[in-house]
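Coordinate inspection notes
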Amino acid sequence: MQIESSNLADPAQRKQLLIAAAILIIALCISAIRPYDRATWIMEVMPVLIALPVLAFTYKRFPLSNLLYFLIFLHALILIIGGTYTYARVPVGNWVQDWLSLARNPYDKLGHFWQGLVPALVAKEIFVRGNYVNGKKMVAFLSICVAMAISAWYELLEWWAALIMGQGADEFLGTQGDQWDTQSDMWMAFLGATVAMILLARLHNRQLQRFVPLK
């Protein structure tokens, strides 16, 4: 399905995105001053460094919904904070750990929840607006599948980092001694993708009406 970019122009959205991009760039600059571990910071914020120019270059041809841009913005902040402190040392995670008497800092689970939620919505927008998949249930199912595939590849990336860097990858892995960390990470990604497809479906569908008529 071809969509004319001129029909998608939204000056208000453009202004909001410029402000959001400026905030993220400032946050990146501040976090780069004295991160806990420089190598970990680079690996954790790399998705942000890749996503920002990609979203800028594709905005005119394929702008996303306001909801998705907002969630991507929050995800970027989560990654930047995690990269600054390392996930096992994020202060708010320590507070939650003490409050709930947990065995470990749970901040990384928030990151993996968002790692499922955002990719699922990105996949849904592509499927729906490109008319690649028909049927709401099939769109939801395949969107969750895409999110889980990304989660699995991220866990493989962590494994490869561990093989290459040895002990130096401990901060990036952030397992905190949890032997089931990989499985729980993927479970959180699944929960995030499911929440995106169920709880955010109505709001997301209303915003998608701007691009394509939904039945």
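Residues numbered from 1 in each chain as written. Predicted model: local features only at pLDDT ≥ 70, side-chain atom pairs only at ≥ 80, totals over all residues. Heavy atoms only, no water.

In this section: the overall build of the protein. A count of helices and strands for the protein gives 9 helices and 0 strands. Sorting the 215 residues of the protein into buried and exposed places 41% on the buried side. The contacts of the protein with a sequence gap of at least 6 include a subset with a gap of at least 24, amounting to 74%. Just so you have it, the protein exposes about 12400 Å², and 69% of that area is on carbon and sulfur atoms. (Helix = DSSP H or I, 4+ residues; strand = E, 2+ residues; numbered from the N terminus. Buried < 20%, exposed > 50% of the residue type's maximum accessible area, 1.4 Å probe, protein only. Contact = heavy atoms within 4.5 Å. Areas by Shrake-Rupley, 256 points an atom, 1.4 Å probe, with all protein chains shown as cover.)

A few words now on the pattern of salt bridges. Enumeration over the complete set of coordinates arrives at 4 salt bridges. Aspartate 108 is the salt-bridge partner of arginine 104, the closest N and O atoms lying 2.6 Å from each other. With a relative accessible area of 5%, aspartate 108 lands in the buried category. Glutamate 125 serves as the salt-bridge partner of arginine 129, at 3.1 Å between the closest nitrogen and oxygen. (Salt bridge = Lys/Arg side-chain N within 4 Å of Asp/Glu carboxyl O.)

This part takes up the packing of helix H5 (residues 107-129) against helix H9 (residues 201-208). Two numbers describe how H5 lies on H9: the axes approach to 12 Å, and their chain directions differ by 40 degrees. Between H5 and H9, the interaxial angle falls into the category oblique. Taken as a pair, H5 and H9 cross one another with a handedness that is right-handed. Between H5, through Leu121, Lys124, Glu125, Val128 and Arg129, and H9, the contact on the second element is made entirely by Ala201, His204, Asn205 and Leu208. Considering only residue class, the contact of H5 with H9 consists of 4 nonpolar, 2 polar and 3 charged. (Axes fitted to C-alpha atoms, helices over the stretch in contact; angles between N-to-C directions. Parallel < 35°, antiparallel > 145°, perpendicular 65-115°, else oblique. Left-handed = near helix turned anticlockwise from the far one by under 90°. Nonpolar A, V, L, I, M, F, W, Y, C, P; charged D, E, K, R; others polar.)

Glycine aside, residues mostly have negative phi, and peptide bonds are mostly found in the trans state. Positive phi values are uncommon outside glycine, yet threonine 86 reaches one of about 75 degrees. Judged by its relative accessible area of 1%, threonine 86 falls in the buried class.

Here the focus is the packing of aromatic side chains. Scanning the model with the defined rule gives 4 aromatic pairs in all. Directly above the ring of tryptophan 41 sits arginine 38, whose terminal nitrogen or CZ lies 5.8 Å from the centroid. In this structure, arginine 129 packs its charged tip against the face of phenylalanine 62, placed 3.8 Å from the ring centre. (Phe/Tyr/Trp six-rings, centres within 6.5 Å; stacked < 30°, edge-to-face > 60°. Lys NZ or Arg CZ within 6 Å of the ring centre and 35° of its normal.)

Two numbers describe how helix H2 (residues 38-58) lies on helix H3 (residues 66-85): the axes approach to 8 Å, and their chain directions differ by 155 degrees. Here H2 is positioned roughly antiparallel relative to H3, judged by the angle of their axes. Two packed elements cross with a definite hand, and for H2 against H3 that hand is left-handed. Two secondary-structure elements touch here, H2 through Trp41, Glu44, Val45, Pro47, Val48 and Leu55 and H3 through Tyr69, Ile72, Ala76, Leu79, Ile80, Gly83 and Thr84.

The next thing to look at is the side chain of glutamine 13. Tracing the sequence through the fold places glutamine 13 in helix H1 (residues 11-33). A polar contact is formed between the side chain of glutamine 13 and the backbone oxygen of leucine 64, at a distance of 3.1 Å. Contact partners of glutamine 13, with chain neighbours within four places excluded, come to Tyr59, Pro63, Leu64, Ser65, Asn66, Tyr69 and Arg210. (Polar contact = N/O pair within 3.5 Å; in protein donor to acceptor, adjacent residues only side chain to side chain.)

One finds Leu71, Ile80, Leu117, Val118, Leu121 and Met197 to be the most contacted residues of the largest nonpolar core, which totals 35 residues. Of all elements in the fold, only H1, H2, H3, H5, helix H6 (136-165) and helix H8 (181-198) reach the threshold of two or more residues within this core. Here this core takes 10 residues from H3, the largest share from any one element. Contacts of leucine 121, omitting those with residues within four sequence positions, involve Leu68, Leu71, Ala196, Met197, Leu200 and His204. One finds Phe127, Val128, Leu208 and Val212 within the second-largest nonpolar core, a separate group that totals 8 residues. (Core = buried A, V, L, I, M, F, W, Y, C linked by side-chain atoms within 4.5 Å.)

Note on placement: valine 90 falls in the loop between H3 and helix H4 (91-100). With 15 residues separating them in the primary sequence, valine 90 and asparagine 105 have C-alpha atoms 7.8 Å apart. Not counting residues up to four positions away in its chain, the partners in contact with valine 90 are Ile81, Gly82, Tyr85, Asn105 and Tyr107.

Such coordinate-based values are descriptive only and should not be taken to indicate function.
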